[in-house]
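Survey of secondary and tertiary structure
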Amino acid sequence: MADSELRQRKQQDAGEPTKASKTKSGSKSKVRDEDAYSPWVDVLRVITFLFFASCGLSYWISNGESFFWGMKNKPNYMRQGPIYLTPEQLAAYDGKDPTKPVYVALNGTIFDVSVGRHIYGPGGSYNYFAGCDAARAFVTGCFAEDRTPDMRGVEDMFLPLDDPEIDAQYTAAELKELKAKELAVAQRQAHDALKHWVSFFGNSQKYHKVGYVKREKNWLEKQPRRKLCAAAQQGRTKRKSRYGGDE
């Protein structure tokens, strides 16, 4: 015990720290470190991490288009709720104004086709479809004449032409039944032709549904019935002979 006390006294005389003084000095250093610590450093680290993570996610989702969520063609889950436009309002989205998107409507549903502005915009081969609901034209192929959603009578393009000589091969009852069947088939063909285009836009990875056309009640009844356009009319053929050939 005497030797231990003697060594401590010698250390104190020589200015060397004893075990007790080392412990006390370490405690003071720890207190100074805690006083110097600022939580804002960690906050800054978190903010920096989130910023770079956001930039990386934006770049990945936009396929390299933007680091800051500024892509023109956002995925559906990032888009706003559906818009509702009257035909007059829809006409403003025909591609002439470069600051506005290009919209095409089909069967009452509006699609954003801005990614295909070179096709649907002014001078494009499908500009007839921009800024309107041209469902009829999609089926008839008469782009300039049929820029309307009125599908009444479109089935006529799938109906065979009447021919007195061939029709005479049937009795009146038979001809009536035959025409009813032909009409049912033609209506289904017109429906399927329009459905094809609705599915094309609805399932497209480039074009996105953004809303619906808003029309007044009973609008179709107020429109005069349209004639089948010339190109669609010329595609019709005569009714087949009941004997298996044309006459």
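Before reading further, recall that the structure is shown in the block above.
Just so it is clear, the structure is predicted and the values come from calculations on it, not from any experiment.

Section: the packing of aromatic side chains
Counted under the stated rule, the structure contains 15 aromatic pairs. In textbook terms, an aromatic cluster arises when at least three aromatic residues are bridged by ring pairs, as seen for Phe111, Tyr120, Tyr126, Tyr128, Phe129, Phe138, Phe143, Trp197, Phe200, Phe201 and Tyr207. The side chain of lysine 100 reaches across the aromatic face of tyrosine 93, ending 5.4 Å from its centre. Over the ring of tryptophan 219 we find arginine 215; its NZ or CZ atom is 4.5 Å from the centre of that ring.

With respect to the nonpolar core
Core analysis: the biggest nonpolar cluster contains 24 residues, and Val104, Leu106, Val113, Tyr120 and Phe201 have the highest contact counts within it. Broken down by element, the residue count for this core peaks at 4 residues, all from helix α6 (residues 135–140). When sequence neighbours within four positions are dropped, the list of residues in contact with phenylalanine 201 reads Val104, Leu106, Phe111, Val113, Tyr120, Phe138 and Tyr207. Membership of the second largest hydrophobic core comes to 8 residues, among which are Leu85, Leu90, Ile110 and Val210.

What about the pairing of strand β3 (residues 109–112)?
A two-sided burial pattern is seen for β3, the buried positions comprising Thr109 and Phe111 on one face and Ile110 and Asp112 on the other. One ladder, built from 4 bridges, connects strand β2 (residues 103–106) with β3; its direction is antiparallel. Looking across to β3, one finds that valine 104 is bridged to phenylalanine 111. Between β2 and the antiparallel strand that follows it, β3, lie 2 residues; asparagine 107 among them carries a positive phi value of about 55°.

What counts and how
- Residues numbered from 1 in each chain as written.
- Predicted model: local features only at pLDDT ≥ 70, side-chain atom pairs only at ≥ 80, totals over all residues.
- Heavy atoms only, no water.
- Phe/Tyr/Trp six-rings, centres within 6.5 Å; stacked < 30°, edge-to-face > 60°.
- Lys NZ or Arg CZ within 6 Å of the ring centre and 35° of its normal.
- Core = buried A, V, L, I, M, F, W, Y, C linked by side-chain atoms within 4.5 Å.
- Buried < 20%, exposed > 50% of the residue type's maximum accessible area, 1.4 Å probe, protein only.
- Helix = DSSP H or I, 4+ residues; strand = E, 2+ residues; numbered from the N terminus.
- Contact = heavy atoms within 4.5 Å.
- Pairing = 2+ DSSP bridges.

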